[in-house]
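# Structural characterization, general
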Amino acid sequence: MYYDIASKVVLSHCKEPFLTYFCNLPVEKASLIDPRPQETPSLRRSDFVLKTTLSDNTEILVLLEFLSAWKDEIPLRTLECRSRHILQENLPVKTFLILFIPSQRAVNFYKDEEVNFKFNLIKLYEIPAEEIIQKGPECLFPFLPLFKNGTKYIDEAEKRIYQADIPRQSKADLLTGMAILGGLVSENIPLKLIKRRRDIMIESAAYEIIKREGYEEGLKEGIQQGIQQGIQQGIQQGIQQGIRQGLLKAIELGLKLKFGIEGLKLYPEIKKIEDVALLEVISEAIDTAENISDIKKLISEA
């Protein structure tokens, strides 16, 4: 969930460079489209929908979805999202899925007896980190830890962001984004960045977004603990605890709305789970579960 926040904050600073570099599109201008009201609870949307003008003045929609991990239903879900936006916007659509973590099951198509759909799957972990360091710009550096051999260049990327001729707010957002995304690769990356750049990172928009998502107490506790103890782990632990609290609130509400009293009977057992990643899986599973036994199975595997 917080990886989505990091991606959103970083993308807000580099829509055109991102589409030019990662999607190989000759972009002149791109703007995020606010999500439209959903017609039914089953409808999904891409993480980001950008109305994009190309160098030949052609207008298209670019659908971007950032994936921290692969799930087998993603191709069909992507087809659903693409079809809906074609109907809504009446513009040509190009779809790009950005995969962070390696997966042997990841594919760039959906096929059945009637449909043959192909999309653009970008595996960041297969792109050499040297490319982004050499070509830049700095606004793309937060994704560097996810590139092939990316950890070798984090110190250089951090230095170049910090010294870049960009507003302080942008630096805070990019450094915070790199710390959060780097956590997918190694817990040492966010700890190192927090230790060195904590003074500026707490000014990031990501910090405010996380607070608005319901994690205020965890963040506040973590920051205070870090300041009082003088160690960077305090902030990191506080963020993790805040995220866990936010997920538990979302799960409790989801169980109540979808399964009623029977669903709430599962909450005391879920509340014992400390693994944030598993709580994310349970939270997402509530939306798609056909019956309560699907959720019980996840809990039993904890």
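Conventions we followed
- Counting restarts for each chain: residues are numbered from 1 in the order of the written sequence.
- Per-residue local features of the predicted model are confined to residues with pLDDT of at least 70, and side-chain atom pairs are confined, for both listing and counting, to 80 or more; whole-chain, interface and lining totals are unaffected and use all residues.
- Computation of side-chain values: all heavy atoms of the structure, hydrogens and water removed.
- In this text, helices come from DSSP runs of H or I with a minimum length of four residues, and strands from runs of E with a minimum of two, each type numbered from the N-terminal end.
- A simple rule labels every residue: compare its accessible area, found with a 1.4 Å probe on the protein chains alone, to the largest value its type can have, and call it buried under 20%, exposed over 50%, or partly exposed in between.
- Contacts were defined at the residue level, with two residues in contact if any of their heavy atoms lie within 4.5 Å.
- Accessibility throughout is a Shrake-Rupley quantity obtained with a 1.4 Å probe, and a residue counts as covered only by protein chains that appear here.
- When DSSP finds two or more bridges between two strands, those strands count as paired.
- If the strands point away from the viewer and the path from the first strand over the helix to the second runs clockwise, then the crossover is right-handed.
- We define a salt bridge as a contact between a side-chain nitrogen of Lys or Arg and a carboxyl oxygen of Asp or Glu at a distance within 4 Å.
- What pLDDT conveys is the predictor's confidence in a given residue, as a value from 0 to 100.
- Helix axes are fitted only over the stretch in contact, all axes being lines through C-alpha atoms; the angle between N-to-C directions runs from 0 to 180 degrees.
- We call two directions roughly parallel when the angle between them is under 35 degrees, roughly antiparallel when it is over 145, roughly perpendicular when it lies between 65 and 115, and oblique otherwise.
- Helix crossings fall into two classes, left-handed where the near helix is turned counterclockwise from the far one by less than a right angle and right-handed where it is turned clockwise.
- Residues enter a nonpolar core if they are buried and are Ala, Val, Leu, Ile, Met, Phe, Trp, Tyr or Cys, with the set joined through side-chain atoms within 4.5 Å.
- The criterion for an aromatic pair is that two Phe, Tyr or Trp rings (for Trp, the six-membered ring) have centres within 6.5 Å, with stacked assigned to planes under 30 degrees apart, edge-to-face to planes over 60 apart and tilted to the rest.
- By definition here, charges over rings are those cases where NZ of Lys or CZ of Arg is within 6 Å of the ring centre and within 35 degrees of the ring normal.

### Quick notes on the overall build of the protein
Summing up its helical and strand segments, the protein has twelve helices and seven strands in all. Counting only residues that meet the buried cut, the protein has 48% of its 302 residues in that class. By sequence separation, contacts in the protein at least 24 residues apart represent 62% of the contacts at least 6 residues apart. When the accessible area of the protein is evaluated, it comes to approximately 15900 Å², of which 48% is carbon and sulfur surface.

### A word on the pairing of strand β4 (residues 93-99)
The buried fraction of β4 amounts to six of the seven residues, a majority that puts the element mostly inside the structure. As defined by bridge partners, strand β3 (residues 59-67) adjoins β4 across seven bridges and the pair is classed as parallel. Each bridged residue has a counterpart across the sheet, and for Val-62 the counterpart in β4 is Lys-94. The handedness of the β3 to β4 crossover, carried by helix α3 (residues 74-89), is right-handed. Of the pairings in the sheet, the one linking β4 to strand β7 (residues 120-123) comprises four bridges and is parallel in character. Looking across to β7, one finds that Leu-99 is bridged to Lys-123.

### What to know about the pattern of salt bridges
A complete count under the given rule lists twelve salt bridges for this structure. Lys-71 serves as the salt-bridge partner of Glu-284, at 2.0 Å between the closest nitrogen and oxygen. With a gap of 213 residues between them, Glu-284 in helix α11 (residues 276-288) and Lys-71 in the loop between β3 and α3 connect regions that are remote in the sequence. Given the relative accessible area of 41%, Glu-284 is considered partly exposed. A residue is classified by how much of its surface remains accessible, and Lys-71, at 27% relative accessible area, is partly exposed. Ionic pairing is found between Glu-158 and Arg-196, a salt bridge with its closest N-O pair at 2.2 Å. Of this pair, Glu-158 sits in helix α5 (residues 154-163) while Arg-196 sits in helix α7 (residues 188-201), placing them 38 residues apart in sequence. By relative accessible area, which is 38% here, Arg-196 ends up partly exposed. Within the structure, one salt-bridge network assembled from shared partners comprises Asp-155, Glu-158, Lys-192, Arg-196 and Arg-197.

### Quick notes on the confidence of the model for the protein
For the protein, the average pLDDT comes to 82, and 83% of its residues sit at 70 or higher. Every residue in residues 35-46 scores below 50 in pLDDT, and together they form 19 contacts with partners more than four places removed in sequence or on other chains. Overall, residues 226-231 carries pLDDT values under 50, and its contacts beyond four positions in sequence, including any with other chains, amount to six contacts.

### Here's the deal with the packing of α5 against α7
The angle between the axes and the distance between the axes are what describe a pair of packed helices. Packing of α5 against α7 brings their axes to within 12 Å, and their N-to-C directions diverge by 15°. By the criterion of interaxial angle, the relationship of α5 to α7 is roughly parallel. Two packed elements cross with a definite hand, and for α5 against α7 that hand is right-handed. For the pair α5 and α7, the contacting residues are Ile-154, Asp-155, Glu-158 and Tyr-162 in the first and Ile-189, Lys-192, Leu-193, Arg-196, Arg-197, Asp-199 and Ile-200 in the second.

### Topic: the nonpolar core
In this structure, Phe-18, Leu-19, Phe-22, Leu-64, Ile-98, Leu-124 and Phe-143 are the most contacted members of the largest nonpolar core, which totals 51 residues. Those residues in contact with Phe-143, other than ones at most four positions away along the chain, are Ser-7, Val-10, Phe-18, Phe-22, Phe-66, Phe-100, Leu-124 and Leu-181. Listed in part, the 21 residues of the second largest apolar core include Ile-243, Ile-270, Ile-273 and Leu-298.

### Overview of the packing of aromatic side chains
For the structure shown, the criterion picks out eleven aromatic pairs. Taken together, a centroid distance of 4.5 Å and an interplanar angle of 40° make the contact between Phe-18 and Phe-22 tilted. Here Phe-22 and Phe-18 lie together in helix α2 (residues 15-22), a separation of four residues that amounts to about one turn. Here the aromatic rings of Phe-66 and Phe-143 are separated by 5.9 Å at their centres, their planes lie at 15°, and the arrangement is stacked. Within this pair, whereas Phe-66 is found in strand β3, its partner Phe-143 is found in the loop between α4 (129-135) and α5, the two being separated by 77 residues in sequence. Of the two residues, Phe-66 and Phe-143, neither departs from the other in class, the shared state being buried. Linked through ring pairs, Phe-18, Tyr-21, Phe-22, Phe-48, Phe-66, Phe-100, Phe-143 and Phe-147 together constitute an aromatic cluster. Directly above the ring of Tyr-162 sits Lys-171, whose terminal nitrogen or CZ lies 5.8 Å from the centroid. In this structure, Arg-197 is placed above the aromatic ring of Tyr-162, and the distance from its NZ or CZ to the ring centre is 3.7 Å.

### Observations concerning the side chain of Ser-7
Mapped onto the fold, Ser-7 is located in helix α1 (residues 2-11). Residue class for Ser-7 comes out buried when judged on its relative accessible area of 0%. If we skip the residues at most four places from it in the chain, Ser-7 touches Phe-48, Phe-66, Phe-100, Phe-143 and Leu-181.

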